[in-house]
Amino acid sequence: MSLARNLLLAFLGVIVSMPLWAQNSAPSANLALTPPMGWNSWNKFACNVSEDMIKSMADAMVKSGMKDAGYQYVVIDDCWQVSRDKQGNIVADPQRFPSGIKALADYVHSLGLKFGIYSDAGSKTCAGRPGGLGHEYQDALKYAEWDVDYLKYDWCNTTTQDAKAAYANMRAALDATGRPIVLSICEWGKHLPWLWGEEVGGNLWRTTDDIQDRWSGKKEWSPGKCCSFGVTDIIDANAALYSYAGPGHWNDPDMLEVGNGGMTITEYRSHFSFWALLAAPLIAGNDLRDMKPEIHDILTNKEVIAVDQDALGRQGRRVWKDGDLEVWAKALAGGGRAVILFNRSETEKEITARWEDLDYPESLSASVRDLWEKKDLGKMAGKFSARVAGHGVVMARVRP
Ligand code: GLA
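Attention here is on the structure that accompanies the text. (Residues numbered from 1 in each chain as written. Predicted model: local features only at pLDDT ≥ 70, side-chain atom pairs only at ≥ 80, totals over all residues. Heavy atoms only, no water.)

### Let's talk about helix α6 (residues 136–145)
What counts is decided by this rule: With a 1.4 Å probe rolled over the protein chains alone, any residue whose accessible area is under 20% of its type maximum counts as buried; one over 50% counts as exposed, and the rest are partly exposed. Strands here mean DSSP runs of E at least two residues long; helices mean DSSP runs of H or I at least four residues long; both are numbered from the N terminus. Note on contacts: a residue pair is in contact if any heavy atoms of the two residues lie within 4.5 Å.
The set of residues buried in α6 consists of Glu 136, Asp 139, Ala 140, Lys 142, Tyr 143 and Ala 144. On its buried face, α6 is in contact with β3 (81–84), β4 (90–92), β5 (114–120), β6 (150–154) and α7 (163–176). Following α6 by one or two positions, Asp 147 adopts a phi angle in the positive range, close to 65°.

Have a look at this one:
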């Protein structure tokens, strides 16, 4: 056999053995090229979900300007499902979703938004509803029939299942329907999903246990059972994972708590700034129907969102630290940087970002824009400094 023929056969062998999603023909091949943006019911409403509430939230997403700012997916989390019928089909709660899930998806789509749903790789969801185990292909077909665009797949009640295999199976089931469906892996970072999430066709993967609406501190769920995370705990847990994120596959530091009442405006601004710098999915978790103006201004800050959605798809990282003071940077398409000056202390402090920490030559002259003040600070060489409130950030875009 000629060398050329051998090479051709080897090449075809590789193609054929690749999972469907990794071939360009897979329906999910080009999903989530920037981090998904949307809203999810869990952080604010937990099991208190219904079609009326979800519809009013979709309306609010449009009316509030969130849709214009880039939010797209409306996702029902746990508790929409109550049982399986005789054929094993998943059944939505008939009291809370009397019109059925398809009608709800149609409504969300009629507003120009996308629709997401939640299930679990184990026998039951975390709230004890029927899980997907053994019904993966059947459920995927049902989701496709309902025109679902996004699936969050949780990890409760999975006993001895292998996480990588379980999520690969669900991705294959979703792809087999022919519908492009974003797969949100939610196994809380337990099996290091950043090492295999992209390979199995996951578009995002949770990196930690659940966020709660507080600034700092892990709390046990029950004695001996660790832990929900505060915002700074999640930032720290994600700091080392920057190399794993990229177009189509993102670290997910969990959904936003902005607007849920447990933090100050300064802290919520820091929370949102970091999620953008970490190229995190921006999934709001508050009640969009009655947002205070300050909360609305955080969630719809288009310049901060542009950092999150930057086409280069890099996750930012910490580039300098001295005690409570830190500088974080994210490379942007076109050679710019998004920079966060972060003050973990309780009192205002001055922080300096040096060009050498941004991988710029010291002599470079670059324009600096404050993304929260929405103000150009002028051209600077070598560094820029600012006073930063306690628990606060100054977030800037630096452009050579
Ligand atoms: C887990 C997930 C949460 C939420 C709940 C629902 O805790 O991590 O984000 O989906 O389950 O029960």
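### Quick word on the site of the ligand
In plain terms, the rule: For this purpose, a residue is taken to be near a molecule or strand whenever a single non-hydrogen atom of the residue falls within 4 Å of it. Counting of polar contacts relies on pairs of N or O atoms within 3.5 Å, with two restrictions inside protein: one atom must be capable of donating a hydrogen and the other of accepting it, and residues adjacent in sequence are counted only when both atoms are side-chain atoms. For every accessible area listed, the method is Shrake-Rupley and the probe measures 1.4 Å; residues are considered covered only by the protein chains on display.
Residues in contact with the ligand, as listed here, are Trp 42, Asp 77, Asp 78, Tyr 118, Cys 126, Ala 127, Lys 152, Asp 154, Cys 186, Trp 188, Arg 206 and Asp 210. In this structure, an oxygen atom belonging to the ligand sits 2.8 Å away from a side-chain N or O atom of Lys 152. In the model, an oxygen atom of the ligand is placed 2.8 Å from a nitrogen or oxygen of the Asp 154 side chain. Out of a free accessible area of 310 Å², the ligand has 93% covered by protein chains.

### With respect to the side chain of Lys 330
Inclusion rule: By the counting scheme adopted, Arg and Lys are positive, Glu and Asp are negative, and His together with the chain ends is not counted. The term salt bridge refers to a side-chain nitrogen of Lys or Arg lying within 4 Å of a carboxyl oxygen of Asp or Glu.
Within the fold, Lys 330 resides in strand β12 (residues 325–331). Although buried, Lys 330 forms no salt bridge, and the nearest oppositely charged side chain, Asp 310, lies 4.6 Å from it. One polar contact links the side chain of Lys 330 to the main-chain carbonyl oxygen of Val 307, over a distance of 2.9 Å. Each residue touching Lys 330, except ones within four places of it in the same chain, is listed here: Ala 276, Leu 277, Ala 279, Val 307, Asp 308, Asp 310, Arg 314, Gln 315, Gly 316, Gly 336, Arg 337 and Ala 338.

### Brief notes about a nonpolar patch on the surface
Put simply, the rule reads: A patch consists of residues whose relative accessible area exceeds 30% and which take part in no salt bridge; residues with like charges are grouped when within 9 Å of each other, and nonpolar side chains (Val, Leu, Ile, Met, Phe, Trp, Tyr) when within 5 Å.
Residues Leu 192, Leu 195 and Tyr 244 make up a contiguous nonpolar surface patch of roughly 260 Å² in combined accessible area. Here Leu 192 lies in the loop between β7 (182–185) and β8 (204–206).

### Thoughts on the nonpolar core
Going by this rule: Take the buried Ala, Val, Leu, Ile, Met, Phe, Trp, Tyr and Cys residues and link them wherever side-chain atoms come within 4.5 Å; each set so joined is a nonpolar core.
Of all hydrophobic cores here, the largest spans 90 residues; its most connected members are Trp 39, Tyr 71, Trp 80, Phe 272 and Trp 275. Residues within four places of Trp 80 in sequence aside, it is in contact with Val 49, Ile 90, Val 91, Ala 92, Asp 93, Phe 97, Ile 101, Ile 117, Tyr 118, Tyr 143 and Trp 146. Leu 325, Val 327, Ala 353 and Ala 396 belong to the second-largest nonpolar core, a separate cluster that totals 19 residues.

### Remarks on the state of the cysteines
What counts is decided by this rule: Any two cysteine sulfur atoms within 2.5 Å of one another count as a disulfide.
Inspection of every chain in the model, using the stated rule, returns three disulfides. The disulfide bridge from Cys 126 ends at Cys 156, spanning 2.1 Å between sulfur atoms. Judged by the torsion about the S-S bond (95°), the Cys 126/Cys 156 disulfide is right-handed. Linking Cys 126 in the loop between β5 and α6 with Cys 156 in the loop between β6 and α7, this pair joins segments that are 30 residues apart in sequence. Residue pairing for Cys 226: its cysteine sulfur links by disulfide to Cys 227, the two sulfurs lying 1.9 Å apart. One disulfide, between Cys 226 and Cys 227, carries an S-S torsion of -95° and so falls in the left-handed class. Look at Cys 226 and you get partly exposed, because its relative accessible area is 47%. If the cysteines joined by disulfides in the chain are listed in sequence order, their pairing comes out as 1-2, 3-4, 5-6. Distance from the sulfur of Cys 186, which forms no disulfide, to the nearest cysteine sulfur (Cys 126) is 6.8 Å.

### Focus on the sheet that holds β8
The strands making up a sheet associate through backbone hydrogen bonding, with each pair oriented either parallel or antiparallel. The following threshold applies: Pairing between strands is defined by DSSP: at least two bridges between them are needed. Here, axes are lines fitted to C-alpha atoms. For helices the fit covers the stretch in contact, and angles between N-to-C directions go from 0 to 180 degrees.
Reading across from one edge, β9-β8-β7-β6-β5-β2-β1-β10 is the order of the eight strands in this open sheet, with parallel pairing throughout. Whereas interior strands pair on both sides, the edge strands pair on one side only; in this sheet they are β9 (250–252) and β10 (282–284). Each neighbouring strand pair of the sheet contributes to a mean axis angle of 25°, computed without reference to strand direction.

### Focus: the environment of Ile 340
Checked against the element boundaries, Ile 340 lands in strand β13 (residues 337–343). The exposure class assigned to Ile 340 is buried, which follows from its relative accessible area of 0%. Measuring from C-alpha to C-alpha, the distance between Ile 340 and Gly 248 comes to 24 Å, with 92 residues separating the pair along the chain. Not counting the four nearest positions on each side in its chain, Ile 340 is found in contact with Ser 273, Phe 274, Leu 277, Glu 326, Val 327, Trp 328, Val 393, Val 394 and Met 395.

### Looking at the packing of α6 against α7
Keep this limit in mind: The cut-offs work like this: below 35 degrees is roughly parallel, past 145 is roughly antiparallel, 65 to 115 is roughly perpendicular, and the gaps in between are oblique. Each crossing is labelled by how the near helix is turned from the far one, with a counterclockwise turn of less than a right angle marking it left-handed and a clockwise turn marking it right-handed. Note on residue categories: nonpolar means Ala, Val, Leu, Ile, Met, Phe, Trp, Tyr, Cys or Pro, charged means Asp, Glu, Lys or Arg, and polar means any other residue, Gly included.
Between α6 and α7, the shortest axis-to-axis distance is 8 Å and the interhelical angle comes to 40°. In terms of orientation, α6 lies oblique with respect to α7. The chirality of how α6 crosses α7 is right-handed. Contacts between α6 and α7 involve Glu 136, Tyr 137, Ala 140 and Tyr 143 from the first element and Asn 169, Met 170, Ala 172, Ala 173, Leu 174 and Ala 176 from the second. Broken down by class, the residue content of the contact of α6 with α7 amounts to eight nonpolar, one polar and one charged.

### Quick word on the pattern of salt bridges
Overall, the coordinates contain 22 salt bridges when judged by the stated rule. Across the pair Asp 106 and Lys 102 runs a salt bridge whose closest N-O atoms are separated by 2.7 Å. On the criterion of helical spacing, the pair formed by Asp 106 and Lys 102 is a turn pair, its members being four residues apart in helix α5 (residues 101–110). A salt bridge links Glu 303 to Arg 369; the nearest nitrogen and oxygen atoms lie 2.6 Å apart.

### Overview of the packing of aromatic side chains
Rules: Centres within 6.5 Å make a pair out of two Phe, Tyr or Trp rings, where for Trp the six-membered ring is used; the pair is then stacked when the planes are under 30 degrees apart, edge-to-face when over 60, and tilted otherwise.
Going through the model one piece at a time under the given rule, you end up with 12 aromatic pairs. Residues Phe 274 and Phe 342 carry aromatic rings whose centres are separated by 4.8 Å and whose planes lie at 70° to one another, so their mutual orientation is edge-to-face. Of this pair, Phe 274 sits in helix α9 (residues 265–277) while Phe 342 sits in strand β13, and the two are 68 residues apart along the sequence. Here Phe 274 falls in the buried class, since its relative accessible area comes to 0%. For Phe 342, a relative accessible area of 0% corresponds to the buried category. Taken together, the ring pairs connect Tyr 153, Trp 155, Tyr 167 and Trp 196 into an aromatic cluster.

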